[in-house]
Amino acid sequence: MSDRRSSRRSSTMGIRRGSATSTSSTGSRKHMKDRGLRDEEAKAQEREGSLAWKILSNTQMQTLQDLPVEELEKKIAEILKLNNHHVDLNEGVLLDYYVSCFWWAKEQNFSVQQISGFITVLHTLLENIKEKKLSLVNNLKEFKKMLIGVGNENSELSGGLDFFDVNQAKTLSDFLQQTFFQHYKLYEFLFHQEREEQIVCREEKLVIEVLPKADLPYPPPLDEGIDEDIYSSYIATPVSSPEGDGEAATEDKEGEKDISAGGPETPAVDPLEGVTADDVKRIMDEVARDMLGDLQADIGKKLKERESEIIARINKIHRIADS
């Protein structure tokens, strides 16, 4: 009895291995065969209702499967007409999902026919949310209909994915459960929730706030700072006392009376009248000498002290070398 059981097990394992080998070899032959077919010929070989070549044709799949991920993203955006994915959030999300799903299917060693059918499934499920507004339960039912006939080659009923085997269909279902159905509310929000548009500028010119000019009441830059004594003596406007304001007001009134009476007007005197460019240059030289003279002397003194220290060290080194 034990010999019969072992022989049955070995024969069963042999059948399973043989079927797996034949399935993989059949898939590889089908993949190589699809490379030389035109789009019309590839569609003609499919069963009625097949989901292959609906969104991505055979020619497009042959081009996409060998591209790196950056070029793949550009090509899928062109095929699916997601031209504004850089600025449109909806298109950007859809493009990222299509590219990630395509790359995952490629890593699962799916054939071009299987990847094309997988992309059709994604497109159908997303359109069910966008156009038909199906709930999660109803969309799951639609996906279940697509899996009819998987693993049964002799079945007359087919949901369009009969080119997948049972293990591949299970892997596909687990992937969609984790990446799509588990986040169903997010996709509903993506398609049906209106977001507030932020208008940057209504006018042709964009207004940008800049720092105010270096003028009162704002302080000037620090590199233009001067001593407070010089500022108070020569720049700041003197503060007048209340008595002085009263006297000034009285003088202004008296002046107005004189003018109204037709008295002679006093000509305004320019305080810089008679000052030439040479005078200004001479004054600036004197101020520079007064301000920088002590600094120059201090620097020269420190340089001499440093020079003396270096000479002393050199002499000490020579004495040690001679001894």
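Computed from a predicted structure; not experimentally measured. (Residues numbered from 1 in each chain as written. Predicted model: local features only at pLDDT ≥ 70, side-chain atom pairs only at ≥ 80, totals over all residues. Heavy atoms only, no water.)

1. Let's talk about the nonpolar core
For step 1, the next point in the chain: Counting 48 residues, the largest nonpolar core has Phe 102, Phe 118, Leu 176 and Phe 180 as its most contacted members.
For step 2, the next point in the chain: Counting residues per element, the ones that place at least two in this core are helix 3 (58-64), helix 4 (69-79), helix 5 (89-107), helix 6 (112-130), helix 7 (136-146), helix 8 (166-179) and helix 9 (184-192).
For step 3, the next point in the chain: In this view, Phe 102 contacts Leu 56, Met 61, Leu 64, Gln 65, Leu 72, Ile 76, Ile 115 and Ile 119; residues no more than four positions away in its chain are not counted. (Core = buried A, V, L, I, M, F, W, Y, C linked by side-chain atoms within 4.5 Å. Buried < 20%, exposed > 50% of the residue type's maximum accessible area, 1.4 Å probe, protein only. Helix = DSSP H or I, 4+ residues; strand = E, 2+ residues; numbered from the N terminus. Contact = heavy atoms within 4.5 Å.)

2. Things to note about the environment of Glu 153
For step 1, the next point in the chain: With respect to the helices, strands and loops of the structure, Glu 153 is situated in the loop between helix 7 and helix 8.
For step 2, the next point in the chain: C-alpha separation for the pair Glu 153 and Asp 165, spaced 12 residues apart in sequence, amounts to 9.6 Å.

3. Some remarks on unusual backbone geometry
For step 1, the next point in the chain: Phi is positive for Asn 109, which is not a glycine, with a value near 60°.
For step 2, the next point in the chain: With respect to the element layout, Asn 109 can be found in the loop between helix 5 and helix 6.
For step 3, the next point in the chain: Residue classification places Asn 109 among the exposed residues on the basis of a relative accessible area of 66%.
For step 4, the next point in the chain: Residue Lys 133 is not a glycine yet carries a positive backbone phi of 55°.
For step 5, the next point in the chain: Residue placement: Lys 133 occurs in the loop between helix 6 and helix 7.

4. Some details on the packing of aromatic side chains
For step 1, the next point in the chain: Evaluated as defined, the whole model comprises 12 aromatic pairs.
For step 2, the next point in the chain: Arranged with centres 6.5 Å apart and planes meeting at 20°, the rings of Tyr 97 and Phe 180 form a pair that is stacked. Of this pair, Tyr 97 sits in helix 5 while Phe 180 sits in the loop between helix 8 and helix 9, placing them 83 residues apart in sequence. Here Tyr 97 matches Phe 180 in class, with each residue buried.
For step 3, the next point in the chain: Judged by centre distance (5.8 Å) and plane angle (85°), the rings of Phe 180 and Tyr 184 are edge-to-face. Like Phe 180, the residue Tyr 184 is buried in the burial classification.
For step 4, the next point in the chain: Three or more aromatic residues joined by ring pairs form one cluster here, namely Tyr 97, Phe 143, Phe 180, Phe 181, Tyr 184 and Tyr 187. (Phe/Tyr/Trp six-rings, centres within 6.5 Å; stacked < 30°, edge-to-face > 60°.)

Any link to function would need more than the numbers given here.
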